[in-house]
Number of protein chains: 2
Amino acid sequence: MPVICVPTPEDAENLTGLDGVRVVVWDGTGDLPDGIDEVTFFVGPYMVERFSRERLAVMPQLRVIQLLSAGVDPWLPLVPEGVVLCNGRGVHGISTAELAVGGLLSLLRGLPDYRADQLAHRWSPTREGPDLDGRRVLLIGAGEIAQAVAAAVEVFGAETTLVARTARAGVHTMADLPGLLPEHDVVVLALPYTAETDHLVDAAFLAAMPDGAILVNVARGRIVDTDALLAELTRERLSAFLDVVDPEPLPEDHPLWDAPNVLLTPHVGGGTDGWRRRGARLIRAQVERFVAGQPLQNVVGSSY
Amino acid sequence: MPVICVPTPEDAENLTGLDGVRVVVWDGTGDLPDGIDEVTFFVGPYMVERFSRERLAVMPQLRVIQLLSAGVDPWLPLVPEGVVLCNGRGVHGISTAELAVGGLLSLLRGLPDYRADQLAHRWSPTREGPDLDGRRVLLIGAGEIAQAVAAAVEVFGAETTLVARTARAGVHTMADLPGLLPEHDVVVLALPYTAETDHLVDAAFLAAMPDGAILVNVARGRIVDTDALLAELTRERLSAFLDVVDPEPLPEDHPLWDAPNVLLTPHVGGGTDGWRRRGARLIRAQVERFVAGQPLQNVVGSSY
């Protein structure tokens, strides 16, 4: 009988009624539960700091690590040989896309300034600010986050262009960026962080964006060269909504906090209550597939 | 040859190249232009204060008043007998829907608090705030604004219900509100202001909304009983995003400014730069229809 290890009692309860599995609860701390050495399917907790190759070695039968995060980079070095790693695609994406659109609309429609007016009891409508109608939005990353952002901004009349690392129908590749950047009013970063995307958004990338353009980053902070962005913000040529920055947490004395035309949130794109519901649905579906011998979804790699 | 009166030289330029019309420019101030007594199609300026029945009487041949606003209530008493009134449906709706979604997402995702954190250089992620996934959104008004808001929130997993003044397929009527309100997490007001909708949102309406629900008003301030809403906000039972309030402008000493869980913008839903593009397209299309003897769009009434 397959043994499934989950991080919390709630996760175990979520698997109630599944035939043919035994469930153990372990979040990486405290005593090792009975049966841990028979675990074949492991659901990783949010806190990767609790794990190491050695810590995972208590489960020598392990075949699957299922995470609930979209990004898997901190786990990659830990995955034992022969173990499949699955990410949380679909769990956080919707709420991350939602925050991207909320932050973009806040910036575009001047909500931080109106909030300051509210706190000062000042009724001061700004006439003729911009809206999304007819604006060109470039989405880098063509996964669920980018697709949801595209669908939402199209409702408001924006024209969208998708760019991904691999070419496919209707999607541009990274090689097209130099030609695309000058033609877009908004750039949304919604792609994984990898060695290739490290500082993808550097001084040259930013210089190719037109005056007044908006950068949205809901991906990973290190995709953007913070100093280069800070230079463009400081000269008030570009605006930015950033849910992720480099470094994180942003030190109290960092100049980005007070840069002009920047709106910051502290990496909360995926951190809503909706992820528990979506995560529970994903885990149960993946365990069912595993037990039935069906192909798993969201496989991001294995060290075979 | 039909004589068309428009409020600005830019509006006249927008009609360049239309055969068979003469265009005069008058915004309701200054000297009467030559030919004004022959005007049959009149494009009203934004500032209704400039007009009265007497002022419009300088155009005795008038057959059509075309406005660029969605709401027409201040003009209704001015429309001469036999004159058709057309509104600006399609001109402001998209940007109003955009603001409704931006304000709703700001409130839901805590952007005003994160903005305060940014100004204080404080990296303080709030875990497990709400998102739209699985929330039930009730849209009152089933026109373009409500439909665009519905399309956008559905992207993020919300379930939507439309309510309108007249029954039609897939749309509830106002009579269903008492049963619908307790079942919805968000109520968006996007309906016209009329004698019937005056104080539609009163103490009983608000009391029927569940704890923690959000009210969004991008319609007209007087649809909501401000005192009743203030009472619910003050006891922190409901939250609200309000682009319109009663009274407007909100006096500096009004308690609504500092009520808990309220985000205010100063009636800027339709006031973006996009309306000029959309308004110009609408005026030109309507004049073309008028000249060709085709039915006009956006007819909201006549005093026949």
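Remember, predicted model here, so these are calculated numbers, not experimental data.

**A closer look at the packing of helix α5 (residues 144–155) of chain A against helix α5 (residues 144–155) of chain B**
Moving on, step 1. Where α5(A) contacts α5(B), the two axes come as close as 9 Å, and the packing angle between them is 175 degrees. With respect to each other, α5(A) and α5(B) are oriented roughly antiparallel. Across from A148(A), A151(A), A152(A) and V155(A) in α5(A), the residues of α5(B) making contact are A148(B), A151(B), A152(B) and V155(B).
Moving on, step 2. Grouping the constituent residues of the contact of α5(A) with α5(B) by class yields eight nonpolar, no polar and no charged.

**A few points about the pairing of strand β6 (residues 136–140) of chain A**
Residue and element names in this part refer to chain A.
Moving on, step 1. Of all five residues that make up β6, four are buried, and the element is covered over most of its length.
Moving on, step 2. Pairing of β6 with strand β7 (residues 159–164) involves five bridges; the strand directions are parallel. Bridge assignment links R136 to a residue of β7, and that residue is E159.
Moving on, step 3. This β-α-β element, β6 to α5 to β7, shows right-handed connectivity.

**A word on the pattern of salt bridges**
Moving on, step 1. According to the stated counting rule, one finds 34 salt bridges over all chains in the structure shown.
Moving on, step 2. Measuring nitrogen to oxygen at the nearest pair gives 3.0 Å for the salt bridge that ties R278(B) to D133(A). Placement of the pair is R278(B) in helix α9 (residues 274–292) and D133(A) in the loop between α4 (111–119) and β6, with the two residues belonging to separate chains. Comparing R278(B) with D133(A) shows no difference in burial state: the two are buried.
Moving on, step 3. We note a salt bridge from R136(B) to E183(B), for which the minimum N-O separation is 3.9 Å.

**Thoughts on empty space enclosed by the protein**
Moving on, step 1. Scanning the model with the defined rule gives five cavities of 30 Å³ or more in all.
Moving on, step 2. Empty space within the largest cavity amounts to approximately 80 Å³.
Moving on, step 3. Lining the largest cavity are S106(A), L111(A), P112(A), R115(A), L263(A), S106(B), L111(B), P112(B), R115(B) and L263(B).
Moving on, step 4. Those elements that place two or more of their residues in the lining of the largest cavity are α4 of chain A together with α4 (111–119) of chain B.

**Looking at unusual backbone geometry**
Moving on, step 1. The linkage connecting E248(A) with the following residue, P249(A), adopts the cis geometry, with an omega of -10 degrees.
Moving on, step 2. Between D246(B) and P247(B) the backbone carries a cis peptide bond, its omega angle lying at 5 degrees.
Moving on, step 3. With respect to the helices, strands and loops of the structure, P247(B) is situated in the loop between β11 (239–242) and β12 (262–264).
Moving on, step 4. With phi around 55 degrees, H199(A) is a residue other than glycine that occupies positive phi space.
Moving on, step 5. Turning to its location among the elements, H199(A) is positioned in the loop between β9 (186–189) and α7 (203–208).
Moving on, step 6. Backbone geometry at N261(B) places phi at a positive 55 degrees, although glycine is not the residue there.
Moving on, step 7. Within the element layout of this structure, N261(B) appears in the loop between β11 and β12.

**Overview of the sheet that holds strand β7 (residues 159–164) of chain B**
Residues and elements named next belong to chain B.
Moving on, step 1. Strands sit in the order β8-β7-β6-β9-β10-β11-β12 across an open sheet of seven strands; the sheet is parallel. Edge positions in the sheet fall to β8 (172–173) and β12, since each has one partner strand and no second.
Moving on, step 2. Note that β11 and β12 share three bridges and pair parallel. In the strand pairing of β12, A240 is matched with V262.
Moving on, step 3. Here helix α3 (residues 93–108) sits on the sheet in contact with β9 (186–189), β10 (214–217), β11 and β12, set at roughly 150 degrees to β11.

**Here's the deal with α5(A)**
Moving on, step 1. For α5(A), with 12 residues, the first-to-last C-alpha span of 17 Å sits near the 16 Å given by 1.5 Å per residue.
Moving on, step 2. Restricting attention to buried positions, one finds in α5(A) the residues I145(A), A146(A), A148(A), V149(A), A150(A), A152(A) and V153(A).
Moving on, step 3. Buried residues belonging to α5(A) abut α3 (93–108), β6, β7 and β9 of chain A together with α5 of chain B.
Moving on, step 4. Of the residues one or two after α5(A), G157(A) is the one with positive phi, at around 90 degrees.

**A word on the environment of R50(A)**
Residue and element names in this part refer to chain A.
Moving on, step 1. Note on placement: R50 falls in the loop between β3 (39–43) and α2 (53–56).
Moving on, step 2. Put simply, R50 and G28 are 22 residues apart on the chain and 5.7 Å apart in space, counted from C-alpha to C-alpha.
Moving on, step 3. Once residues lying within four places of it in the same chain are set aside, the contact partners of R50 are D27, G28, T29 and R55.

**Digging into the interface of chain A and chain B**
Moving on, step 1. The interface is formed by 63 residues belonging to chain A together with 63 residues belonging to chain B.
Moving on, step 2. Both faces considered, chain A and chain B share a buried interface measuring about 5,500 Å² in area, 56% of it formed by carbon and sulfur atoms.
Moving on, step 3. On the chain A side of the contact with chain B, E98(A), H121(A) and W123(A) bury the most area, a combined 16% of that side's loss.
Moving on, step 4. For the interface between chain A and chain B, the tally reads 41 residue pairs in polar contact (both at pLDDT 80 or more).
Moving on, step 5. Listed by contribution, the elements that provide at least two residues to the side of chain A that touches chain B are α3, α4, α5, β12 (262–264) and α9 (274–292) of chain A.
Moving on, step 6. Of the residues contributing to the side of chain A that touches chain B, the split by class is 29 nonpolar, 15 polar and 19 charged.

**Thoughts on the packing of aromatic side chains**
Here a ring pair, both rings aromatic, is described through the centre-centre distance and the interplanar angle of the planes.
All names here are of chain B.
Moving on, step 1. A full pass over the atoms with the stated rule returns 10 aromatic pairs over all chains.
Moving on, step 2. Each ring, one from F42 and one from W75, has its centre 6.4 Å from the other, and the planes form 50 degrees; the classification is tilted. A residue pair is termed long-range when its members are at least 10 positions apart, and F42 in strand β3 (residues 39–43) and W75 in the loop between β4 (64–66) and β5 (84–86) qualify at 33 residues.
Moving on, step 3. When its relative accessible area of 0% is taken as the criterion, F42 is described as buried.
Moving on, step 4. Using a relative accessible area of 3% as the deciding quantity, one classes W75 as buried.

**Let's talk about the relation of the copies chain A and chain B**
Moving on, step 1. The two copies are related by a screw motion: chain A maps onto chain B through a turn of 179 degrees and a shift of 0.0 Å along the axis, at an RMSD of 0.1 Å. Such a combination of rotation and displacement between the chain copies is what one expects of a two-fold axis.

**A look at the sheet that holds β7(A)**
Strand pairs in the sheet, formed through backbone hydrogen bonds, run parallel or antiparallel to each other.
Residue and element names in this part refer to chain A.
Moving on, step 1. Spatial strand order, β8-β7-β6-β9-β10-β11-β12: seven strands in an open sheet with parallel pairing. The sheet terminates laterally at β8 (172–173) and β12, the two strands that pair on one side only.
Moving on, step 2. Here four bridges tie strand β10 (residues 214–217) to strand β11 (residues 239–242), and the two strands are oriented parallel to one another. Among the inter-strand pairings, L215 is bridged to a residue of β11, identified as A240.

Conventions we followed
- Residue positions are given per chain, counting from 1 as you read along its sequence in written order.
- For naming, the first written chain is A and the first written ligand is 1, with later ones following in the order written.
- Per-residue local features of the predicted model are confined to residues with pLDDT of at least 70, and side-chain atom pairs are confined, for both listing and counting, to 80 or more; whole-chain, interface and lining totals are unaffected and use all residues.
- As a rule here, side-chain values cover all heavy atoms of the structure and leave hydrogens and water aside.
- In this description, a line fitted to the C-alpha atoms serves as the axis of each element, helices being fitted only across the stretch in contact, and the angle between N-to-C directions of two axes falls anywhere from 0 to 180 degrees.
- Helix numbering and strand numbering both begin at the N terminus, where a helix is a DSSP run of H or I of at least 4 residues and a strand a DSSP run of E of at least 2.
- Roughly parallel means an angle under 35 degrees; roughly antiparallel, over 145; roughly perpendicular, 65 to 115; everything else is oblique.
- For this analysis, residues touch if any pair of their heavy atoms sits within 4.5 Å.
- The residue classification treats Ala, Val, Leu, Ile, Met, Phe, Trp, Tyr, Cys and Pro as nonpolar and Asp, Glu, Lys and Arg as charged. All others, Gly included, are polar.
- The rule is simple: take the accessible area with a 1.4 Å probe, protein chains only, and divide by the maximum for that residue type; under 20% is buried, over 50% is exposed, in between is partly exposed.
- Two strands pair under a simple rule: DSSP has to find at least two bridges between them.
- Handedness of a crossover: with both strands directed away from the viewer, a clockwise path from the first strand across the helix to the second marks it as right-handed.
- Salt bridges are defined by distance alone: a side-chain nitrogen of Lys or Arg within 4 Å of a carboxyl oxygen of Asp or Glu.
- Of the grid points, spaced at 1 Å and generated over the protein atoms alone, those admitting a 1.4 Å probe that cannot get out make up cavities, while open sets with protein on both sides within 12 Å along at least five of seven lines make up pockets; any residue with an atom within 4 Å of a point is treated as lining.
- Grid points are joined across faces, edges and corners, and a volume is the space filled by probe spheres set on the points.
- Under the convention used throughout, the expected extent of a helix is 1.5 Å for every residue step, that is, one less than its residue count.
- The buried area of a pairing is the accessible area, by a 1.4 Å probe, that goes missing from both parts when the two are put together, added over both.
- In protein, a polar contact means a hydrogen-donor-capable atom and an acceptor-capable atom, both N or O and within 3.5 Å, with residues adjacent in sequence counting only if both atoms are side-chain atoms; elsewhere, any N or O pair within 3.5 Å suffices.
- For Phe, Tyr and Trp, where Trp contributes only its six-membered ring, two rings pair if their centres lie within 6.5 Å, and the inter-plane angle classes them as stacked under 30 degrees, edge-to-face over 60, or tilted in between.
- Least squares is the method used to superpose the copies, on C-alpha atoms of residues holding a pLDDT of at least 70 in both.

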